[in-house]
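The residues making up each chain are set out below.
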Amino acid sequence: MGFSEVLEQVGGMGRFQVVQLALLAIPICLMASHNLLQNFVAAVPDHRCRSRADALGNTSRQSPGNVTGKVPAEELLLPVFIPLDREGRPERCRLFAEPQWQFLDSNRTHEDGSSTTRPCTDGWLYSHGDVTSTIISEWDLVCSHKALKPLAQSVYMAGVLVGALVLGSLSDRLGRRAVLLGSCLLMAVAGSCAALSSSFSLYCLWRFLTGAAQSGIVLNAFSWTVEWLPTDMRSSVVIVNGYSYAAGQLLLAGLAFTIRHWRWLQFTISAPYFICFLYSWWFPESARWLIMNDKADVAVNQLKRVARLNGREAEGSKLTAATLRAGLGKEVLVTGGSHSLIDLFRTPLMRRNIFCTMCVWFACNFGYYGLVMELQGFGVNMYLLQVIFGAVDFPAKTLAALGITYLGRRWTQASTLTLAGAVILINVCIPTELQLVRTGLAVFGKGCLSACFSCVMLYSGELYPTVLRQTAFGLMATMARVGGLVAPLARLTGERYPLVPGLLYGAVPVLAGILATLLPETRGLALPDTIPDIESRTVTGLVGSEEQKKQEILLPETHISLLKHTV
């Protein structure tokens, strides 16, 4: 009896599976808030140098002769101490080296004074509009320190990378339940501590740890759920998690609009993980993992508990450790074997596949985080734009599913990447005054990148043999996280060359989309088990009845491996 039959015996898609799927979708939903939090906690308010005009203005307002309703004294004195930019507003980062008192004469123009200026030395004053407080105003991350803003997001993405490498290995050793519990607790503690940070360096440290915890949550929530579901229901987890992440983007917009102080916003999206930590104790460990780690007796007890929750107590009582070992014996043989990373590059077709898919994963993350992490740059209300960016994921993922099914993997992958890059490149050429056009193109590009993610997760699993699938996923996941880490840093090039970031964010997906056309089509083909299967497989090789049955068994394991290494 196979393990899928064991799950059917204890209830199939029963009450326990439904509750588990729903509860574990909550941390996935909240994960979107942490990934995109930088848009709101690091929003840059309008600012200018603090000058002597502010001190003189305060003195004037305290004097008995001050009359309310008139222009504040410090505003009248600002041109004396702060130069104006081309739009007639005070410069953000410069002061006059010496006061220009001649500007108090209404007949003098601003260009008549000295052009000698110096950097701000007494701090900055901030004009908070959409937000009450951000890490930018908290620690003066402006002017000469503005490079620290994208650094904060890159530190978070570095945590995601390290967490995947460390917690992924621990998951296979300690079990899904233990690592998920630890990750939820780490997310709750580190996220809450980030809200209490007394310095920017401490804030980055806690954000690094929340990134690591995020990887542990994604990895184990998905694997844990899939391993308790019947074969014909496992692929639905990808859809549920995708929609949960999209819903999380909408949730972030609502929370950020309601909570305008960055510390309270940070705490609000972190504290619920304490609740996730508590209710996760209720879940049983994965029976599949227990059997694979020679703990069949414990697995029997867990399966009987699930059977009882699903109203199948009588059927569950018939299970024994021997039947479970027999059920997974074949799967252990299929996934076993001694292979290394070098095997991915042994044959020409494997080398081509791994090179192209690595580029696709890098481009998806690079373009995605380059586009969604700078909402202020579109000149539109960032809360509204966050809602639109989140809402577009629903039709995008639906269209991706249709494209994969009817158009094929290769052309769906290539078209979504190429279209995303093309609209980003077009946006570079659109004047900033045409906000509606720029926003519409950005939303379309973000939808294409969301569809790209849905496609690459399935497509990658079908391109590699069973004996090397997880090794390939690990390499591709590393490239994906490097893309997410580099994307914020690429924006720094815009300080000297304003067009370069947009050109990079657009050109990389276009090039990756072209490379995707070199990949073989896998629609309708059985999953390969060995490297010779890859080399001998042709596009016209349709799946027979026995191969189709085999594909239905192995494809869910592909999804497990993919989500283990996906941001």
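Parameters and conventions
- Residues take numbers from 1 onward in each chain, read along the sequence in its written order.
- Only residues with pLDDT of at least 70 get local features here, since the model is predicted, and only at 80 or more are side-chain atom pairs given and counted; chain-wide, interface and lining totals rely on the full set of residues.
- Only hydrogens and water are removed before side-chain values are computed, so all heavy atoms of the structure are retained for them.
- Under the scheme used here, helices are H or I runs from DSSP no shorter than 4 residues and strands are E runs no shorter than 2 residues, and both carry numbers assigned from the N terminus.
- Only protein chains enter the accessibility calculation, which uses a 1.4 Å probe; a residue whose area is less than 20% of its type maximum is buried, one above 50% is exposed, and one in between is partly exposed.
- Contacts: residue pairs with any heavy atoms within 4.5 Å of one another.
- Areas reported as accessible are Shrake-Rupley estimates using a 1.4 Å probe. Residue values count occlusion only from the protein chains shown.
- We count a salt bridge whenever a side-chain nitrogen from Lys or Arg sits within 4 Å of a carboxyl oxygen from Asp or Glu.
- Expected span, for any helix, means 1.5 Å times one less than how many residues it has.
- Fitting one axis to the seven residues ending at a residue and another to the seven starting there, the bend at that residue is the angle between the two axes.
- Within this scheme, the nonpolar core is defined by two criteria: the residues are buried Ala, Val, Leu, Ile, Met, Phe, Trp, Tyr or Cys, and they are joined through side-chain atoms within 4.5 Å.
- Scored between 0 and 100, pLDDT is the confidence that the predictor attaches to each residue.
- Only a pair of cysteine sulfur atoms within 2.5 Å counts as a disulfide in this structure description.
- Two rings belonging to Phe, Tyr or Trp (six-membered ring only in the last case) form a pair when the distance between their centres is within 6.5 Å. Interplanar angles under 30 degrees mark stacking, angles over 60 mark edge-to-face geometry, and anything in between is tilted.
- Sitting over a ring, as applied to charges here, requires NZ of Lys or CZ of Arg to be within 6 Å of the ring centre and within 35 degrees of the ring normal.
- Here, axes are lines fitted to C-alpha atoms. For helices the fit covers the stretch in contact, and angles between N-to-C directions go from 0 to 180 degrees.
- Geometric relationships in this document are graded by angle, where less than 35 degrees denotes roughly parallel, more than 145 denotes roughly antiparallel, 65 to 115 denotes roughly perpendicular, and other angles denote oblique.
- Handedness of a crossing follows from how the near helix is turned relative to the far one, being left-handed for an anticlockwise turn of less than a right angle and right-handed for a clockwise one.
- Nonpolar residues are Ala, Val, Leu, Ile, Met, Phe, Trp, Tyr, Cys and Pro. Charged residues are Asp, Glu, Lys and Arg, and all others, Gly as well, are polar.

1. What about the overall build of the chain?
And step 1. Looking only at helices and strands, one finds 25 helices and 4 strands in the chain.
And step 2. Put simply, the chain has 567 residues, and 53% of those count as buried.
And step 3. Residue pairs at least 24 apart in sequence account for 79% of intrachain contacts in the chain once pairs closer than 6 positions are excluded.
And step 4. Total accessible area computed for the chain in this model is approximately 24200 Å², and 64% of it derives from carbon and sulfur atoms.

2. Overview of the pattern of salt bridges
And step 1. Summed over the entire model, instances satisfying the criterion amount to 2 salt bridges.
And step 2. Taking the shortest distance from any N to any O, the salt bridge between glutamate 138 and arginine 263 comes out at 2.8 Å. Separated by 125 residues along the polypeptide, glutamate 138 in helix H6 (residues 135–139) and arginine 263 in helix H11 (residues 262–270) bring together distant segments of the chain.
And step 3. On the accessibility criterion, glutamate 138 (34% relative accessible area) is partly exposed.
And step 4. Under the relative-accessibility criterion, arginine 263 is labelled buried at 19%.

3. Points about helix H21 (residues 435–463)
And step 1. Taking 1.5 Å per residue as the helical rise, H21 with its 29 residues ought to reach 42 Å, and the 41 Å between its terminal C-alpha atoms agrees with that figure.
And step 2. If you look at H21, its biggest bend is around 25 degrees, right at valine 456.
And step 3. Of all the 29 residues making up H21, 24 are buried; the element is thus mostly covered by neighbouring parts of the structure.

4. Some remarks on the nonpolar core
And step 1. One finds Ile135, Tyr203, Leu265 and Tyr273 to be the most contacted residues of the largest nonpolar core, which totals 126 residues.
And step 2. The biggest single contributor to this core is helix H17 (residues 348–372), with 15 residues.
And step 3. Setting aside anything within four residues of it in sequence, one finds isoleucine 135 in contact with Val41, Ala42, Asp140, Leu141, Phe200, Tyr203 and Trp262.

5. Notes on the confidence of the model for the chain
And step 1. When pLDDT is averaged along the chain, the result is 78, and 79% of the positions lie at 70 or above.
And step 2. When pLDDT is averaged over each element of the chain, H11 comes out on top at 94 and helix H25 (residues 545–564) at the bottom at 42.
And step 3. This model gives residues 59–71 a pLDDT under 50, and the stretch forms 6 contacts once residues within four places in sequence are excluded.
And step 4. In the predicted structure, residues 538–567 sits below a pLDDT of 50 and forms 80 contacts with residues beyond four places in sequence or in another chain.

6. Observations regarding the state of the cysteines
One way to say it: the disulfide is the covalent bond shared by the sulfur atoms of two cysteines.
And step 1. For the coordinates displayed, the defined rule picks out 3 disulfides.
And step 2. In this model, cysteine 49 is linked to cysteine 120 through a disulfide, with the two sulfur atoms separated by 1.6 Å. Note on the cysteine 49 and cysteine 120 pair: the S-S dihedral is about -50 degrees, so by sign convention the disulfide is left-handed. Here the residue cysteine 49 occupies a position in strand E1 (residues 46–49), and cysteine 120 occupies one in the loop between strand E3 (117–119) and strand E4 (124–127), the gap between them amounting to 71 residues.
And step 3. Accessibility expressed as a relative area gives 12% for cysteine 120, which makes it buried.
And step 4. Through a disulfide, cysteine 93 is tied to cysteine 143; the S-S separation comes to 1.9 Å. When the S-S torsion is -90 degrees, as for the bridge of cysteine 93 with cysteine 143, the disulfide is left-handed. With cysteine 93 in the loop between helix H5 (73–81) and strand E2 (94–96) and cysteine 143 in the loop between H6 and helix H7 (148–174), this pair connects stretches of sequence that are 50 residues apart.

7. Overview of the packing of aromatic side chains
Describing an aromatic ring pair means giving the distance of the ring centres and the angle of the ring planes.
And step 1. Under the counting rule described, the total for this entry stands at 17 aromatic pairs.
And step 2. Considering the side-chain rings of phenylalanine 277 and tryptophan 281, the 5.9 Å spacing of their centres and the 80 degrees angle between planes classify their relative orientation as edge-to-face.
And step 3. Judged by centre distance (5.6 Å) and plane angle (10 degrees), the ring pair of phenylalanine 362 and phenylalanine 366 falls under stacked. Note that phenylalanine 362 and phenylalanine 366 are positioned in helix H17 at a spacing of 4 residues, about one turn of the helix.
And step 4. Overall, the relative accessible area of 4% leaves phenylalanine 366 in the buried class.
And step 5. Through successive ring pairs, a cluster of aromatic residues spans Phe16, Tyr279, Trp282 and Phe283.
And step 6. Over the face of the ring belonging to tyrosine 156 we find arginine 207, whose NZ or CZ atom lies 4.2 Å from the ring centre.
And step 7. Sitting over the face of the ring of phenylalanine 257, arginine 260 holds its NZ or CZ atom 4.7 Å from the ring centroid.

8. Let's talk about the packing of helix H2 (residues 15–35) against helix H9 (residues 200–226)
And step 1. Packing of H2 against H9 leaves a shortest axis separation of 10 Å and a crossing angle of 150 degrees. Here H2 is positioned roughly antiparallel relative to H9, judged by the angle of their axes. Two packed elements cross with a definite hand, and for H2 against H9 that hand is left-handed. Between H2 and H9, the residues in contact are Gln20, Leu21, Leu24, Pro27, Ile28, Met31, His34 and Asn35 and Arg207, Gln214, Ile217, Val218, Ala221, Trp224 and Thr225, respectively.
And step 2. Considering only residue class, the contact of H2 with H9 consists of 9 nonpolar, 5 polar and 1 charged.

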